[in-house]
Every structure is written in structure tokens, then in C-alpha cells.
Amino acid sequence: MSTAQQRSAPAAPGGTLTKPEHGRMIRLDIEGMRTIAVGAVLVAHAGVPFMAGGFVGVDVFFVLSGFLITGLLAREVSRTGRVNLAGFWARRMKRLLPASATVLAFSALITYLYLPITQRKDFGGDIVSAALYVVNWRLADRGVDYLAEDVGQSPVQHYWSLAVEEQFYLVWPILMLIIGLVAARRWKRGAFVVLGIATVASFAYSVQQTADSPATAYFVSTTRIWELGIGALLALAATRVERLPAMLRAIGGWVGIALIVYAVFMFDESTTWPGTNALVPTIGAALMIASGLRLTPGSPQKLLSLAPMVWIGGLSYSIYLWHWPIIVGAQAKWPDLQLRWAVLLMIASIVPAYLSHRFIENPVRFGTFFKPTGRALGLGLALTAVGVGVGVLLSASATVGGVDEANRSDSPGAAALLDPAFADVDWAAIRKVDTMRPLPTQAVDDRPSFYNDGSGCQVDNGIAEPKACTYGDTSSKRTVVIVGDSKMAQWQPTFAAIAKREGFRLVQLTKSACTFADVEFARENRADCRAWGRTVLKDILEMKPDLVIESHRFIDALPPGANDDKDSTEDAMVDGLTSYWRTITDAGIPMATLLDNPSPSNAPVYECVAQHLDDLARCSFGLEEGIKASAAPAQLRAAAQVPGVAVMDLTSTICPGGKRCAAVIGNVLVYRQGTHLTKTYLDSAEAQLAAALFTASKGDFGAKLP
């Protein structure tokens, strides 16, 4: 459509560039804004280095959605004094779910064909959550889960923003209905006050959470509602804003574009988000919307209303849905995918977007069959069920062929290392086994039970209060404390078995991703880590146990005065460890450090095993490199500086042979996720751990090897 044709099209209230579409009027400049938003997202996801801030396109979409949806609701309340909730939700379902369900099915297919089989369970759950529009909360939980370090990029990760919008669409119409009924003629003022309070509160919470837990803040709805709120407030104040001087609105429109362009080029993955930084693109979007409330000479309206901009904008929702699983699948198929091909794939995503828009979305959205509200709601529920079903089926397909699950008698694990019959076995050179436990698809769940029992024994991010859990003979006067992060927590069941057999009291004090050391981190859990560690130190000094054993994962920490992780050093970690260790030993409490296990240098071991069941040797890795990548060097340096601190070294149990670390030992899978070890393997290493404990405690605990 040419500019002249656009001018001659029926005008929307306020007189701006519009065109009729299926019995409704659309603002052409808003379609152009959608083009800018989706284009920014695509270049960022393609990996264009100088446009890494393209993720701000999502924030532009939030403002647009808040403006458009609130405008619809406001017009309905003005006409009828209420909101037809069923009708509103039916229209939303017809608009969003046909394409959404289609892409969810496509994403499941991409996962099944190209992504590791070990990811199917996680991504199947993601698809279920996306179908139910709660995937943003699932991703937020994963973002702060130290044990989810191996989970790759979900093919439906981009659905998080749709989930935020749908949650807004669920709650805001209900509030508008209540306000319309209660406030009557003053409903607009009431809506403005309620929404204003919610927007300010959400922004304040966003700033706080972005500082304390950015991985969570990025995804959760409570830190994002303010962005939709900006657009919604603008919709409620539109009649006043459009009366502003035309020159002011025109200048504001260009400033808005400049702010978004600035964000795209100047922000990147290191920018804290959302928080105050998100004001840049959201205010920019609001200024652009405001400039087009009326036909304004000199504004960006004509630029945004160009035919190509309008056409792409009309496909923006479909393009946003399709582009991400396409790039995820391509990168899985070709790990070294070059930038130019990634960009071409982003452009090519317009093709399926157009086809689904033309043949799936529009026939459902504007056809007569689903026009009745009841049918539309029924369709929405059916499509939701389809998405859930696809995700469940994908999760259920996470099975491996070619190897059976071993029973306990056929899987000695580390116990095989003590059997003279296996003395000459090079475990890292074994190519194939007939049985294994756990299977690679079950590896991530092969961990201590307290992760799932709600006990809180492994304190999560955001919590600074320690949780002491006791095992063995809880009434015994002999006490051993194990303290550290999840690398110590992984040994808890084995320590507990020894404590039960020998009749001493075992106290567990662990916290996810927190080293028990007087150190600072730049990670999102820095504040609660420091507070947790200091409280734990105080508790240990008051407890006066017979032995304290420490272990952890992190290699380095921030030196005093530093604030960026890139400035972290091993020296700072060593200083922090020795500070706490000296305090403990100076109090007359025996201390030991359990060396961190060697760290895999290749892809996640269990994923490698699932893909190479006929050549397990490909999944082994060098012992020397594994030790260098672990926290063991820092632990050894700290132990050398604090007299009396014993070293418990189980390296030869985890990586026997002295050269390479095997993926499977004694028919037991050794590594479960990231650098963590399977519970099954550590259970089988009870004799070796007891021997190390015996040596470290000078015979007070544990037992010599038989």
C-alpha cells in the first residue's frame, strides 16, 4: 500500500495513518514498530556482534502489547461499562494459539531430530510449560539452578515473553472489569491509579531483583509487568497526550527511535537486565507510540508506515515464533554455523512465518466457524492440550537403545577398583558395555534425595539462612560437619552411610553455588553467599564438632574492591579459604578439605555416552586437564598455608589409571551433570571415602581399606 493510499484509508480516532484489515483498523506506524522490534531480536539471535542488544526488541513488544490491549479494553469499558472476559480471552486464543501450537509441534520435532536425546525430558517439560504459558517461571528456576548447568538453549525459550504477556492478559481484563463496575464513570481514573501503582511497584521490584538475582529477574513476570504498564498507561492517557504540541510529539518520535537504536548497538549480554537499563527501549517505544497518536508532520510515522515495514510487522508474531527453533536446530546440526548462514536463516524464517500466518492464523482468527465465543474457547483449550501432549510425548521418547539398565549386582562401580580381578583394566579405554547404571537419560536425576524432598538441606539461591541437617546417630556426642556447595552435597549420602554404620553424628551445611570461604563473587547470589558463609562459620564455632570437612567447585573469587567476574583470581579464593580455615583450626577444631573431583573438558559426559554407546572411550578426558579445571589446586594451596588441615584426595577413585578419566567404571556412569558425580558411583565409593576419612581424622572416623 502506498503512502497516498494509506492517507486515503479510513482514519482511526485522532487521525493517523491507518488501514482496514478484516473489519478493523490498524495503525501502520505500530506495524512498523513491530518490524523494528522483531528485526532487533533476529539480529541478536543470529549473533551479529555489534548488535548484541537486539534483545531489547522484546521490551518494545511489551510496551506495544500493553498499549494495544489496554486500548481495546478501555474502548469496551467506555461503551458498555464492563469487560466481556469470555469474548476477550476467546479473541486472544484465536490470535495466539494456532501459530503457537504449530511451532510447539515443530520445536518438538527439531528436538527429536537434532538435539541430544538427554535433553528431551527437559525440553519436553519446556514445551508443556510453553503451552500453558508459564515457561518464563520454569526458565527462571533453571537460571538459578546450579545443577542445570548442562541444559542447553531450549527451542521454546523465546516463549517466555509470550508467557509474560498472556499472564498480563489474564489478570488485567479482570481488574478492568472490577474497576469498571466499582468506579463507574470514573473508571479511567481508577484504572490509571491501579495500573500506576502496579507499574511503579513492578519497576522497583525489577531494579531490586536485577541487582540481587539477574537470572531470575530476566524471566519472571513481576519484574516485567511495568513494561506493559508503560504502554497501558499511555493508552489510558492517549487523549491528553495527543493534545501535546505536534512538534514536541514529532521530536519525541525520533528520540524514541534513537533510544531503541542506541540500546541495540550499545547493550549486550553483560548489561544488567531488565532494571533501570530497560527504561531506554521502553521509553523509546512509548515516545514512538505517542508520536503517532495523531497525524504529525515531521514524525517517524511515514517511515514506519512504509509498505515493507507494514508487511513485516504484520508477520512479526509468526516470525518471532519460528525463528528461534530454526536457529537452535541449525546450530545443533552444524555447531560451527557461521554468522552469514545464521543471518540467512533468520531471514528465511519469514517463509514459514508467512505460510502459517496465511494458512493457519488468519483462517482461524477471521473465519466464521470459530466466531462464536464458545467455539473459540473450545479451540483454545484443544490447542493447549495439543501443546501439552506434544511435550509429554517428547519427554517420554527420552530412551536409549543398545544398553540395558544394570542391576546392583552387575554394577560394582568404584568397588571394582578394589577387586584384584580388575587390577589391569584400563577403564578409560573401554569402548562398550552391555549394561549401565544409571542410564545416560537418567543421569541428571541420579543425585541425593534431599534435592527433591523439600527438606531445604541444600540451601538455594536467594536464601542466606543456613539449614543444618543431621544424619547417622543424631544423639551421638561425636560430630562431623560437611560444609560447602553442591560438590560437597553430592557426597552426603556416602558420608551418611558411614555415619550410620559407625554411629557418629553427621551435620550437613551446604548451599548451592556458594563456597565456604571469606570471599566475594560477582554472581547473582553474591550477597546471600557471603551472609550464609559467615553464619555457618559462627555455627561451627559454637557447635565445636570433632571434624569439619570442606569441599567446593569454584576456582576463583573477586579480589578486594573488584566487582566484575573477569577480575576474579585464584589468589583471592585461596585467601578466602585460609581465612575461614584458620579461624576453625585456631578454635581447636580439626579441619579437612575434600578435593574437588576432576572437571570434564568435553561435552557433558552423559550426553556423550548417550551418543556414543559403541565407543565410550570418546567420552573420557585427560586427568591433568580435569584437575586444572577443578577447585583442587586452590584447595591444595590453601591447605599448605594452614597447618593441620588434612587433604582428602579421592582422585584415584574417580579417575583411576592416572592419565584419563573414564565415563563408565564398573558398569556405573561416573558423571551426572556438569562436573557433578552420580550418586550411584559415589555410593559405590563408600570404602574409599571411609579410608580417606580415617586418614584425615587420624583414625577417629572412617575405616582402613579392607
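In this text the structure is predicted, and so the values were computed from the model without any measurement.

Novice: Please provide a residue-by-residue account of the side chain of Asp528, values included.
Specialist: With respect to the element layout, Asp528 can be found in helix α21 (residues 526–543). Separated by 2.8 Å, the side chains of Asp528 and Lys511 make a polar contact. For Asp528, the residues in contact, after removing those within four places along its chain, are Asn461, Gly462, Ile463, Ala464 and Lys511.

Novice: Which residues make up a negative patch on the surface, and what values do they have?
Specialist: On the surface, Asp556, Asp564, Asp565 and Asp567 cluster together to form a negatively charged patch. Along the chain, Asp565 falls in the loop between β9 (547–551) and α22 (570–586).

Novice: I'd love a proper account of the state of the cysteines, names of residues and values included.
Specialist: In total, this model carries four disulfides according to the counting rule given. The residue that forms a disulfide with Cys655 is Cys661, at a sulfur-sulfur distance of 2.0 Å. The chirality of the disulfide connecting Cys655 with Cys661 is right-handed, given an S-S dihedral of about 100°. Residue Cys655 shares its accessibility class with Cys661, and that shared class is buried.

Novice: Got a sec to walk through empty space enclosed by the protein? Specific residues and values, please.
Specialist: Under the defined criterion, the tally for this structure stands at two cavities of 30 Å³ or more. In this structure, the largest cavity occupies an estimated 40 Å³ of space. Lining the largest cavity are Leu97, Ser100, Ala101, Leu104, Ala131, Leu383, Thr384 and Gly387. Breaking the lining of the largest cavity down by element, the ones donating at least two residues are α4 (85–114) and α18 (373–396). In terms of residue count, α4 provides more of the lining of the largest cavity than any other element does, four residues in total.

Novice: I'd love a proper account of the nonpolar core, names of residues and values included.
Specialist: In terms of nonpolar packing, the biggest core is built from 105 residues, with Met33, Tyr159, Trp160, Met176 and Trp187 touching the most fellow members. Every residue in contact with Met33, bar those within four places of it in the chain, is listed here: Val60, Leu64, Ala285, Met288, Ile289 and Leu304. Formed by 66 residues, the second largest nonpolar core is a distinct cluster that contains Ile117, Leu613, Ala646 and Leu693.

Novice: Describe in detail the packing of helix α3 (residues 57–80) against helix α10 (residues 225–236), supporting the description with residues and values.
Specialist: Running from N to C, α3 and α10 point in directions that differ by 40°, and their axes come no closer than 7 Å. Classed by the angle they form, the pair α3 and α10 counts as oblique. Of the two possible hands of crossing, α3 and α10 adopt the one that is right-handed. On the side of α3, the interface is formed by Asp59, Phe62, Val63, Ser65, Gly66, Phe67, Thr70, Gly71 and Ala74, while α10 contributes Glu227, Leu228, Ile230, Gly231, Ala232, Leu234, Ala235 and Leu236. Classifying every residue of the contact of α3 with α10 by side-chain character gives 10 nonpolar, five polar and two charged.

What counts as what
- Residues numbered from 1 in each chain as written.
- Predicted model: local features only at pLDDT ≥ 70, side-chain atom pairs only at ≥ 80, totals over all residues.
- Heavy atoms only, no water.
- Helix = DSSP H or I, 4+ residues; strand = E, 2+ residues; numbered from the N terminus.
- Polar contact = N/O pair within 3.5 Å; in protein donor to acceptor, adjacent residues only side chain to side chain.
- Contact = heavy atoms within 4.5 Å.
- Patch = residues over 30% accessible without salt bridge, like charges linked within 9 Å, V, L, I, M, F, W, Y side chains within 5 Å.
- Areas by Shrake-Rupley, 256 points an atom, 1.4 Å probe, with all protein chains shown as cover.
- Salt bridge = Lys/Arg side-chain N within 4 Å of Asp/Glu carboxyl O.
- Lys, Arg positive; Asp, Glu negative; His and termini not counted.
- Charge placed at Lys NZ, Arg CZ, Asp CG, Glu CD.
- Disulfide = S-S within 2.5 Å.
- Buried < 20%, exposed > 50% of the residue type's maximum accessible area, 1.4 Å probe, protein only.
- 1 Å grid on protein atoms, 1.4 Å probe; cavity = no way out; pocket = protein on both sides within 12 Å on 5 of 7 lines; lining within 4 Å.
- Points joined across faces, edges and corners; volume = space filled by probe spheres on them.
- Core = buried A, V, L, I, M, F, W, Y, C linked by side-chain atoms within 4.5 Å.
- Axes fitted to C-alpha atoms, helices over the stretch in contact; angles between N-to-C directions.
- Parallel < 35°, antiparallel > 145°, perpendicular 65-115°, else oblique.
- Left-handed = near helix turned anticlockwise from the far one by under 90°.
- Nonpolar A, V, L, I, M, F, W, Y, C, P; charged D, E, K, R; others polar.

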